Amino acid sequence: MIRFVCLCAVLLLAACGDRNPAAKPAADPFPSTYKPPESGAVLIRGATVLTGIDTRLDDTDVLLSDGKIASIGKALASGGATVIEAKGRYLTPGIIDVHSHLGVYPAPGVWATSDGNEATAPTTAEVWAEHSIWPQDPGFQAARAGGITTLQVLPGSANLIGGRGVVIKNVPAVSYQQMLFPDAKRSLKMACGENPKRVYGKNGGRSPATGMGNVAGYRAAFAKAASYRAKWDAWNDKKAGAAPDRDLGLETLAEVLRGNVLVQMHCYRADQMATMLDVAKEFGFKINAFHHAVEAYKIADLLAETQTCGALWADWWGFKLEAWDAINENIAIVDAARSDKGAGCAIVHSDDPNGIQRLNQEAAKALAAGRRAGLAISDEHAIAWLTANPAKALGIQEKTGTIETGKAADVVLWSGSPFSVYTRADLVWIDGALRLDRAHPDAEPDSDFMLGADVDEAAAAQFAAVPAAAAVIAVPEVPEAAAPTGDAP
Amino acid sequence: MIRRHLLTGVVIALLATRAEAELFAIRNAVVHTGGRAGTLTGATVVVRNGRIEAVGTDVLIPEGVTPIEAHGRPLTPGIIVAHSHLGLKEIDGVEETNDVASEQKRYSAGLDVADALNPRSALLPVNRIDGVTRAMSAPDAKKGGSLIAGQGAIISLAGSLAEGGNWIVKPRAAMFAALGEQGREIAGSRPAAFAAMREALEEARSGGLRLGDGLNGDAQLSPLDVEALKRVLNREMPMVLQVERASDILAALKLADDYGLQLIVSGGAEAHRVAAELASRSVPVLIDPSRNLPAHFETLHVRPDAPAVLAKAGVKFAFIDSDDKGSHNARNLRQLAGIAVANGMRHDDALAAITLKPAEILGLSNVLGSIEPGKIADLVLWDRDPLEVTSAPDRVWIEGREMPMVSRQTLLRDRYLKRLKAPPAK
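Residues numbered from 1 in each chain as written. Chains lettered and ligands numbered in written order. Predicted model: local features only at pLDDT ≥ 70, side-chain atom pairs only at ≥ 80, totals over all residues.

Notes on the overall build of chain A
Inference 1: The helix and strand inventory of chain A stands at 13 helices and 18 strands.
Inference 2: Considering only residue pairs separated by 6 or more positions, chain A has 70% of its internal contacts joining residues 24 or more positions apart. (Helix = DSSP H or I, 4+ residues; strand = E, 2+ residues; numbered from the N terminus. Contact = placed C-beta atoms within 7 Å.)

Printed below as a string of structure tokens:
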């Protein structure tokens, strides 16, 4: 109790010192403290390189230095770099998953860790997924073993507007700030369809209860955000008088309207997506990607025209009605669409702690389905579904997502073609630091949560000499009356 | 032994109803027989009246038969899903179509899913064109509902295309129930779930009288429950228990010991920790080889190389998909088998874990699960390695009938591919 009072006093003093520090938004109240560890140069020699920019470079060397891809070519001089012989192996950009709930719906999944949906109101633009991230989620490490170097952690889809998502580097950390992708924009998670109307209408007896209620909800929120933004923009212009009151939710939405927060929207049905593209147009924001979008193939042309990515599963379907029309060729068809504005942007996403470990296999399934349907897709093209395209949807394409000189040294060396069930990520570098070495799994620290899981096994050797019968003596006789009367054979 | 023959007799009876004589042959295939012959290159398979007549490299094509040329592609037995809800649910989120779990009673042992199975489920074509030919369709235990969920049935994914419409190959094929976390969710605690299970079995054994002298309270089981559980007690039907944690598996083994149950462990995340106990009782395990995260406290010690540990200890296992209980994407069972290979398992063993092993565990192996003379011709001809994620079946036969390679999904694909502005570059 005393401690609690003291803490309050300190807070009050601090507040008094700087008349009203929280009156205006800080540039970034939760700045990244991520720093890649010092690492020496690495020369990956003789790999098959899928660059992410539609090219395949056979028998090619890639030099990683100072956290960047320093050079790409044939017979590069090692110059003191650690040399990795990669003949017969594939080098790709690090895999980027644009849709993850690692850390916010971690393993183990119990009430105490269930932090992904602030399902208390249909619009909760004020919450940030990062404040729910538990960095000890064992799923991060498992994802790293699948070649995941960057991921976007999003709030769930219970709400029309679920809050801010965040882009992180997949590195071991104690605080999430140590994982934050430097200078990556936050996102706004929005959701179409059955989830919000089920959570609020069906289960909560309140709006939205219908598809039209959903759309009214987005529009009402952005109408408010537009005036909030105007008020603040006017004040920022002149800085005259008292600053307007802050509203954390409207602040997020105003940042969407300014283009500083990128919209990532959960939508399954084609008609819902078409509606949302109109809503976005009405209020002047851009939807960077539709997530899940099992019917994206029905509007592939519209997505290409509006340059909206489809972040998709290879084959999930049927768990609810809006997921009923899924087809295995969804990703390939979104990819194949063409428009005056550019080509279709297809992304393979997971939304799943198991799927994220094998995103390459999911891409392989989508690729194979597309080819069987007659679409010409090369391996070097399809790798972009896992790398360059998600980087584009997250606005980090200048920094990562391709193997090009000057880009971050986020790369994966695979045991073979990444489009095979048998292939494993052998080595994973993030900003030039080796973060996974399959041959030396013990070199990487386990999540704190997993520590001690095998404490008995570690000690068991000491007891190996004790005869097994000794344990039986300790078990009391079961009284006859309570004993099962089993007369089975 | 006699009982086992009675069970498979159901399958044999189906064949007797076959009207027309059908004869065909597949030549030049790499035949993964799954039997003693192993894998045969350049082999021929002859099928007559839905049964495999001959398999081998020196088999003659019967006179008048134009063989199907396999061009050296792999031919495998059809995939068998040992735990699914196929035919029992269409869309999880549309409750009108979802009959997986009873929500009314603690005990639904008398429930028989065969009464509700739908042969025209859209899930059947989606999965059979990807090589799945048979499945156990099982009821689930559920919070607020049944601890003993009821009786599952073995179905043919031919569905309404099955010979004579007989697609329910073996009704009342296994009893399903839960202990562990799921059991405690229903009964209130782990020991309460265990006690509830004992109560039910005792009551069934006494012919419907409650544990003790029958005066301590009303019977909890209906006559149908009693009848069904008696079949479990008589080992006419296995009991599939959903258990994960090592200690819960041991509890299940104790229950099996005490009541002489023919136990099958489903889930078994920590089965590798009690492999010796499982092996000594010949209790098989239905396991997902891709799981490696402690998604629940009861699966803290799950590990992807568990199948190897089980195999070494002599535990029989088949692969299941723990996420979706192998329903909408039962077709991905072969991906799980491929993942097991990537984790060090032999290819033949991984293929067996989705064909012959589930057949053995479900008591079907004298008619299904391998490509051997006398067995039912559930065959899949693949374009390449069936465990690879980029492969797909060219052709699928169930009981010798060639299945159309069409599903609602392929029809949607064809409709929208035509509308795409960028034409396919063939």
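Back to the write-up after that little detour.
Some details on the overall build of chain B
Inference 1: When its secondary structure is counted, chain B shows 12 helices and 16 strands.
Inference 2: For 426 residues, the compact-globule estimate of 2.2 N^0.38 gives 22 Å, and the C-alpha radius of gyration of chain B, at 22 Å, lies within 12% of that figure.
Inference 3: For the C-alpha atoms alone, the extent of chain B along its principal axes is close to 70 × 45 × 45 Å.
Inference 4: Residues counted as buried form 56% of the 426 residues belonging to chain B.
Inference 5: In chain B, 69% of the contacts between residues at least 6 apart in sequence involve partners at least 24 apart. (Rg over C-alpha atoms; globule rule 2.2 N^0.38 Å. Buried ≥ 20, exposed ≤ 12 C-beta atoms within 10 Å, placed from the backbone.)

Some points on the environment of Ser100(A)
Residues and elements named next belong to chain A.
Inference 1: Within the secondary structure, serine 100 is located in strand β6 (residues 95–100).
Inference 2: Owing to 27 C-beta atoms within 10 Å, serine 100 belongs among the buried residues under this scheme.
Inference 3: For the pair formed by serine 100 and glycine 162, sequence separation is 62 residues and the distance between their alpha carbons is 14 Å.
Inference 4: Beyond its immediate stretch of four places on either side in the chain, serine 100 contacts Leu151, Gln152, Val153, Ser350 and Ile356.

Structural notes on the interface of chain B and chain A
Inference 1: In this assembly, 41 residues from chain B lie in contact with 48 residues from chain A.
Inference 2: Those elements that place two or more of their residues in the side of chain B that touches chain A are α6 (246–259), α9 (333–342) and α12 (408–419) of chain B.
Inference 3: Split by residue class, the side of chain B that touches chain A holds 22 nonpolar, 12 polar and seven charged. (Nonpolar A, V, L, I, M, F, W, Y, C, P; charged D, E, K, R; others polar.)

Thoughts on the packing of helix α3 (residues 180–187) of chain B against helix α4 (residues 190–205) of chain B
Residue and element names in this part refer to chain B.
Inference 1: Between α3 and α4, the least distance of the axes is 7 Å, while the angle of their chain directions is 80 degrees. When the interaxial angle is binned, α3 and α4 end up roughly perpendicular. Across from Gly180, Gly183, Arg184, Ile186 and Ala187 in α3, the residues of α4 making contact are Arg190, Ala192, Ala193 and Ala196. (Axes fitted to C-alpha atoms, helices over the stretch in contact; angles between N-to-C directions. Parallel < 35°, antiparallel > 145°, perpendicular 65-115°, else oblique.)

Some details on the confidence of the model for chain A
Residue and element names in this part refer to chain A.
Inference 1: Of all residues in chain A, 90% attain a pLDDT of 70 or more, and the chain-wide mean is 91.
Inference 2: Mean pLDDT values over the elements of chain A span from 36, in helix α1 (residues 2–17), up to 99, in strand β5 (residues 90–93).
Inference 3: This model gives residues 1–19 a pLDDT under 50, and the stretch forms zero contacts once residues within four places in sequence are excluded.
Inference 4: Low pLDDT, under 50, characterises residues 480–489; the predicted model gives this stretch nine contacts beyond four residues in sequence or across chains. (pLDDT = per-residue confidence, 0-100.)

Some remarks on the pairing of strand β8 (residues 148–156) of chain B
All names here are of chain B.
Inference 1: In terms of burial, β8 is a largely internal element, nine of the nine residues being buried.
Inference 2: Both strand β7 (residues 132–137) and β8 contribute to a ladder of four bridges, which runs antiparallel. Paired with arginine 134 across the strands is serine 156, a residue of β8.
Inference 3: Pairing of β8 with strand β9 (residues 168–178) involves six bridges; the strand directions are antiparallel. Bridged to glycine 152 within β9 is alanine 174. (Pairing = 2+ DSSP bridges.)

Quick look at the environment of Trp167(B)
All names here are of chain B.
Inference 1: Within the fold, tryptophan 167 resides in the loop between β8 and β9.
Inference 2: Here tryptophan 167 falls in the buried class, since 24 other C-beta atoms lie within 10 Å of it.
Inference 3: The spatial distance from the C-alpha of tryptophan 167 to the C-alpha of asparagine 28 is 30 Å, given a sequence separation of 139 residues.
Inference 4: Residue contacts for tryptophan 167: discarding those within four places in its chain leaves Pro119, Ile155, Ser156, Ala158, Gly159, Ser160 and Ala162.

Overview of the sheet that holds strand β12 (residues 285–287) of chain B
Residue and element names in this part refer to chain B.
Inference 1: Ordered by their spatial adjacency, eight strands build an open sheet running β6-β7-β8-β9-β10-β11-β12-β13, and the pairing between neighbours is mixed. Strands with a single pairing partner mark the edges of an open sheet, and in this sheet they are β6 (79–84) and β13 (317–319). When strand polarity is set aside, the average angle formed by the axes of neighbouring strands in this sheet is 25 degrees.
Inference 2: Pairing between β12 and β13: three bridges, direction parallel. Residue pairing in the sheet places isoleucine 287 in a bridge with phenylalanine 319 of β13.

What to know about the sheet that holds strand β15 (residues 346–348) of chain A
Residue and element names in this part refer to chain A.
Inference 1: Read from one edge to the other, the open sheet built from eight strands follows the order β6-β7-β8-β9-β10-β11-β12-β15, with strand pairing classed as mixed. Because the sheet does not close on itself, it has two edges, and the strands there are β6 and β15. Going from strand to strand, the sheet's axes swing by 25 degrees on average, the running direction of each strand aside.
Inference 2: Along the sheet face, helix α9 (residues 359–372) touches β6 and β15 and points at about 135 degrees away from the line of β15.

Some points on the domain arrangement of chain A
When the parts come together, some accessible area is lost, and that loss is often what is quoted as the size of the interface.
Residue and element names in this part refer to chain A.
Inference 1: Entries for chain A in the domain assignment read domain 1 (33–93 + 402–444) and domain 2 (95–400).
Inference 2: If you average the C-alpha positions of domain 1 and of domain 2, the two centres end up 28 Å apart.
Inference 3: On the domain 2 side, the residues contacting the 26 residues of domain 1 number 30 residues.
Inference 4: Only β5, β17 (425–430) and β18 (433–437) provide two or more residues apiece to the side of domain 1 that touches domain 2.
Inference 5: A per-element tally of the side of domain 1 that touches domain 2 places β17 first, with three residues.
Inference 6: Here the side of domain 1 that touches domain 2 is built from residues that sort into 13 nonpolar, seven polar and six charged. (Domains from an automatic or database assignment.)

Digging into α9(B)
Inference 1: The buried count for α9(B) comes to 10 of 10 residues, which makes it a mostly enclosed element.
Inference 2: Those residues of α9(B) not exposed but buried are Leu333(B), Arg334(B), Gln335(B), Leu336(B), Ala337(B), Gly338(B), Ile339(B), Ala340(B), Val341(B) and Ala342(B).
Inference 3: Against the buried residues of α9(B) lie α9 of chain A together with β6, α8 (306–313), β13 and α10 (347–352) of chain B.
Inference 4: Positioned one or two residues after α9(B), Gly344(B) has a phi angle of 110 degrees, which is positive.

Looking at the pairing of strand β3 (residues 51–56) of chain B
All names here are of chain B.
Inference 1: In the sheet, strand β2 (residues 39–48) pairs with β3 via five bridges, with the strands oriented antiparallel. Of the residues in β3, the one forming a bridge with threonine 44 is glycine 56.
Inference 2: What sits between β2 and β3 in their antiparallel hairpin is a turn of two residues, with asparagine 49 showing a positive phi close to 50 degrees.

Re α4(B)
Residue and element names in this part refer to chain B.
Inference 1: With 16 residues, α4 should cover 22 Å at 1.5 Å per step; its first-to-last C-alpha distance of 23 Å lies within 8% of that length.
Inference 2: Every buried residue belonging to α4 is among Ala193, Phe194, Ala196, Met197, Ala200, Leu201, Glu203 and Ala204, and all of these are buried.
Inference 3: Buried residues in α4 make contact with β8, β9, α3, α5 (223–233) and α6.
Inference 4: Phi turns positive, to about 80 degrees, at glycine 207, one or two residues after α4. (Expected span 1.5 Å × (residues − 1).)

Description of the packing of helix α3 (residues 194–202) of chain A against helix α4 (residues 211–238) of chain A
Each pair of packed helices gets described by two things: the angle between the helix axes and the distance between those axes.
Residues and elements named next belong to chain A.
Inference 1: Close contact between α3 and α4 brings their axes to 9 Å; oriented N to C, the two are set at 100 degrees. With respect to each other, α3 and α4 are oriented roughly perpendicular. The segment α3 lies against α4, with Pro196, Lys197 and Gly201 engaging Gly211, Gly213 and Asn214.
Inference 2: Looking at side-chain class alone, the contact of α3 with α4 contains one nonpolar, four polar and one charged residues.

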